[in-house]
Amino acid sequence: MDDRRLETIIGRLLQTGVLAAAATVLAGGVLYLVQSQSGHVDYRSFVPGSPSLRTLSGIVLSAAHFQSQAIIQLGLLLLIATPVARVALAVVGFALERDRLYTVISLIVLVILAFSLIHAT
Amino acid sequence: MTAFDFTAVVWILSFLAGFLGALTGLGGGVVVVPALTLALGVNMKYAIGASLVSVIATSSGAAAAYVREGFSNIRIGMFLEIATTLGAILGAYLAGRVGTHALAIIFGLVLIQAAYHSFKGSLGNDVPAASDALADRLRLGSSYPVDGKPQEYGVRNVPAGFGLMFGAGTLSGLLGIGSGAVKVIAMDRAMRIPFKVSTTTSNFMIGVTAAASAGIYLSRGFIDPRVTMPVMLGVLSGALLGAKVLVHARVRTLRAVFAIVILALAIEMIVNGITGKV
């Protein structure tokens, strides 16, 4: 395992994650448009939506009930997870390279990301 | 406007933004926010939420291609991500506190900087052969292909670069953009890293930086699925097409045209922010 190989694996993983996320968002989007295509929309004023679209558990639960907007959010969560997975893989990769300094550095980044994502639970 | 019309118009605008953003290297986020707020009257908070998500999509989607070229430096990227992610969390907190008008004005100013930066391009300064003491201890130096042969490079001024990266992260979290221009300044100008290495490593970092503010955006309700869906799908498909066309396109003229468009959008954002229309 060297840096080059590690980066190639990570790059592929990111691309796969993005495509899976886009497919999920597209599926939710099609469902949403079928259900409410002629309804009027206005996004002039900001209203923080219902918790079922703002928390991890709410999104997963509503998506399991085939709520179109929750399926879109699920796809977006998958997308947000791709760079996080990238950092997690780098931790493993640097550990395999026995590079203690960069294992710690990537762990710090992972902890910072986890701190932010805890907000969404 | 019906839901169908809104989705279609936003998809087309986002596709164009992603396409031009990939061709010019400026990213799609900088045009998506003004397009949504100025043309469609979307609230600034929904616009920056949708833009932030699309930034992650383009960064992660292009990562494999950049790695193949052999320019990006994963150690520099990972080390500086400590600064950008911390900044991004601060920025995302501020985005909830700062009023919409002020956000619009700050956004306009950052757009002007991005337009100016795209006119100037790289200084093409000499790349140091050896790292200074701190960069050496962090093993940041590496090599990159020049005319098919690996060329060694060193890294300087790590504290200054780290500080600028914190600022880049804060802007990213505050405005929902990749702030690639500031990241490149930190690496290319301050740390004297070769331009190609700076731009590709910056692209690699943008997704991780944006992910740090995404959790806060989501819990605050900035990420509305009905607005974000067409933006994310449009920017992503536009960026993927742009990356394919890039090899054949004459980018210089395009960059100049795009910079003028950005400048016009910037002025309109600032005027609308001051008059309270956004």
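Each remark here, short or long, concerns the structure printed above.
Residues numbered from 1 in each chain as written. Chains lettered and ligands numbered in written order. Predicted model: local features only at pLDDT ≥ 70, side-chain atom pairs only at ≥ 80, totals over all residues. Heavy atoms only, no water.

Draft legend 1. Up close: the overall build of chain A. Broken down by element type, chain A carries 4 helices and 0 strands. Listing the helices and strands of chain A from first to last along the sequence gives α-α-α-α. Taken against the 2.2 N^0.38 rule, which gives 14 Å for 121 residues, the C-alpha radius of gyration of chain A at 18 Å runs more than 25% over that of a compact globule. Overall, chain A is about 55 × 25 × 25 Å in size when its C-alpha atoms are taken along their principal axes. For chain A, restricting intrachain contacts to residue pairs at least 6 apart in sequence, the fraction spanning at least 24 positions comes to 60%. If you sum the accessible surface of chain A, you get close to 6,200 Å²; carbon and sulfur atoms cover 68% of it. One finds the centroid of the 8 positive side-chain charges in chain A at a distance of 5 Å from the centroid of its 6 negative side-chain charges. (Helix = DSSP H or I, 4+ residues; strand = E, 2+ residues; numbered from the N terminus. Rg over C-alpha atoms; globule rule 2.2 N^0.38 Å. Contact = heavy atoms within 4.5 Å. Areas by Shrake-Rupley, 256 points an atom, 1.4 Å probe, with all protein chains shown as cover. Lys, Arg positive; Asp, Glu negative; His and termini not counted. Charge placed at Lys NZ, Arg CZ, Asp CG, Glu CD.)

Draft legend 2. Spotlight on the overall build of chain B. Along chain B, the regular secondary structure elements total 11 helices and 2 strands. Beginning at the N terminus, the succession of helices and strands in chain B can be written as α-α-α-α-α-α-β-β-α-α-α-α-α. In terms of overall dimensions, chain B has C-alpha extents of about 60 × 40 × 30 Å along its principal axes. With 278 residues in all, chain B has 59% of them scored as buried. Taking the intrachain contacts of chain B between residues at least 6 apart in sequence as the baseline, contacts between residues at least 24 apart amount to 83%. Accessible area of chain B: about 10,200 Å², with a carbon and sulfur share of 64%. In chain B, 20 positive and 11 negative side-chain charges are present, and the distance between their average locations comes to 3 Å. (Buried < 20%, exposed > 50% of the residue type's maximum accessible area, 1.4 Å probe, protein only.)

Draft legend 3. View of the interface of chain B and chain A. Counting residues at the interface gives 60 residues for chain B and 62 residues for chain A. Our count for the chain B to chain A interface comes out at 4 salt bridges. In this structure, A:Asp99 and B:Arg139 form a salt bridge, with 3.1 Å as the shortest nitrogen-oxygen distance. Secondary-structure elements contributing two or more residues to the side of chain B that touches chain A are α1 (3–24), α3 (44–69), α4 (74–97), α9 (195–220) and α10 (225–245) of chain B. (Salt bridge = Lys/Arg side-chain N within 4 Å of Asp/Glu carboxyl O.)

Draft legend 4. Broad picture of the environment of B:Ile74. Topologically, B:Ile74 is positioned in helix α4. Residue B:Ile74 is classed as buried on the basis of its relative accessible area, which comes to 2%.

Draft legend 5. Inspection of the side chain of B:Thr7 at higher detail. Residue position: B:Thr7 is located in helix α1. The exposure class of B:Thr7 is buried, given its relative accessible area of 7%. Here B:Thr7 is in contact with A:Tyr32, A:Leu33, B:Met229 and B:Pro230, once residues within four sequence places are set aside.

Draft legend 6. Geometry of the nonpolar core. B:Leu36, B:Met44, B:Leu140 and B:Met232 are the most contacted members of the largest nonpolar core, which has 108 residues in total. Contact partners of B:Met44, with chain neighbours within four places excluded, come to B:Val33, B:Thr37, B:Thr100, B:Leu103, B:Ala104, B:Phe107, B:Met269 and B:Val278. (Core = buried A, V, L, I, M, F, W, Y, C linked by side-chain atoms within 4.5 Å.)

Draft legend 7. Here's a closer look at the pairing of strand β1 (residues 142–146) of chain B. Residue and element names in this part refer to chain B. In the sheet, β1 pairs with strand β2 (residues 149–153) via 5 bridges, with the strands oriented antiparallel. Bridging across to β2, Tyr144 finds its partner in Gln151. The turn joining β1 and β2, which pair antiparallel and follow one another in sequence, is formed by 2 residues; a positive phi near 50° is taken by Asp147. (Pairing = 2+ DSSP bridges.)

Draft legend 8. View of the environment of B:Ile48. Residues and elements named next belong to chain B. With respect to the helices and strands, the residue Ile48 is situated in helix α3. Distance from Ile48 to Ala8, taken between C-alpha atoms, is 19 Å for residues 40 residues apart in sequence. Excluding residues within four positions of it along the chain, Ile48 makes contact with Val33, Ala95, Leu103, Leu174, Leu175, Gly176, Tyr217 and Phe222.

Draft legend 9. Seen up close, helix α2 (residues 56–64) of chain A. Every buried residue belonging to α2(A) is among A:Gly58, A:Ile59, A:Ser62 and A:Ala63, and all of these are buried. Viewed along the axis of α2(A), the buried residues span an arc of 120°, placing them on a single side of the element. Exposed positions of α2(A) whose direction lies more than 90 degrees from the buried face are A:Ser57, A:Leu61 and A:Ala64. Close packing links the buried residues of α2(A) with α3 (68–96) of chain A together with α9 of chain B. Directly beyond the C-terminal end of α2(A), a positive phi value near 55° is found at A:Phe66. (Arc of directions from axis to C-beta.)

Draft legend 10. Summary view of the packing of aromatic side chains. Summed over the entire model, instances satisfying the criterion amount to 11 aromatic pairs over all chains. Relative to B:Phe6, the ring of A:Tyr43 lies with its centre 4.8 Å away and its plane at 50°, an arrangement referred to as tilted. On the criterion of chain membership, the pair formed by A:Tyr43 in the loop between α1 (3–36) and α2 and B:Phe6 in helix α1 is interchain, its members lying in two chains. Here A:Tyr43 and B:Phe6 have matching classes, each one buried. (Phe/Tyr/Trp six-rings, centres within 6.5 Å; stacked < 30°, edge-to-face > 60°.)

Draft legend 11. Examining the pattern of salt bridges more closely. With the rule as written, the count across this model stands at 7 salt bridges over all chains. Here B:Arg75 ties to A:Glu97 by a salt bridge, and the two come within 3.3 Å at their closest N and O atoms. One end of the pair, B:Arg75, is in helix α4; the other, A:Glu97, is in the loop between α3 and α4 (100–118), on a second chain. Overlapping salt bridges bring together A:Glu97, A:Asp99, B:Arg75 and B:Arg139 as one network.

Draft legend 12. Just the packing of α2(A) against α3(A), in detail. Residues and elements named next belong to chain A. At a minimum axis separation of 8 Å, α2 and α3 run at an interaxial angle of 125°. Regarding the angle of α2 to α3, the classification is oblique. Crossing of α2 against α3: the hand is left-handed. Taken together, the residues of α3 that come into contact with α2 (itself represented by Leu56, Ile59, Val60, Ser62 and Ala63) are Ala70, Ile71, Gln73, Leu74 and Leu77. Residue composition of the contact of α2 with α3, by class: 8 nonpolar, 2 polar and no charged. (Axes fitted to C-alpha atoms, helices over the stretch in contact; angles between N-to-C directions. Parallel < 35°, antiparallel > 145°, perpendicular 65-115°, else oblique. Left-handed = near helix turned anticlockwise from the far one by under 90°. Nonpolar A, V, L, I, M, F, W, Y, C, P; charged D, E, K, R; others polar.)

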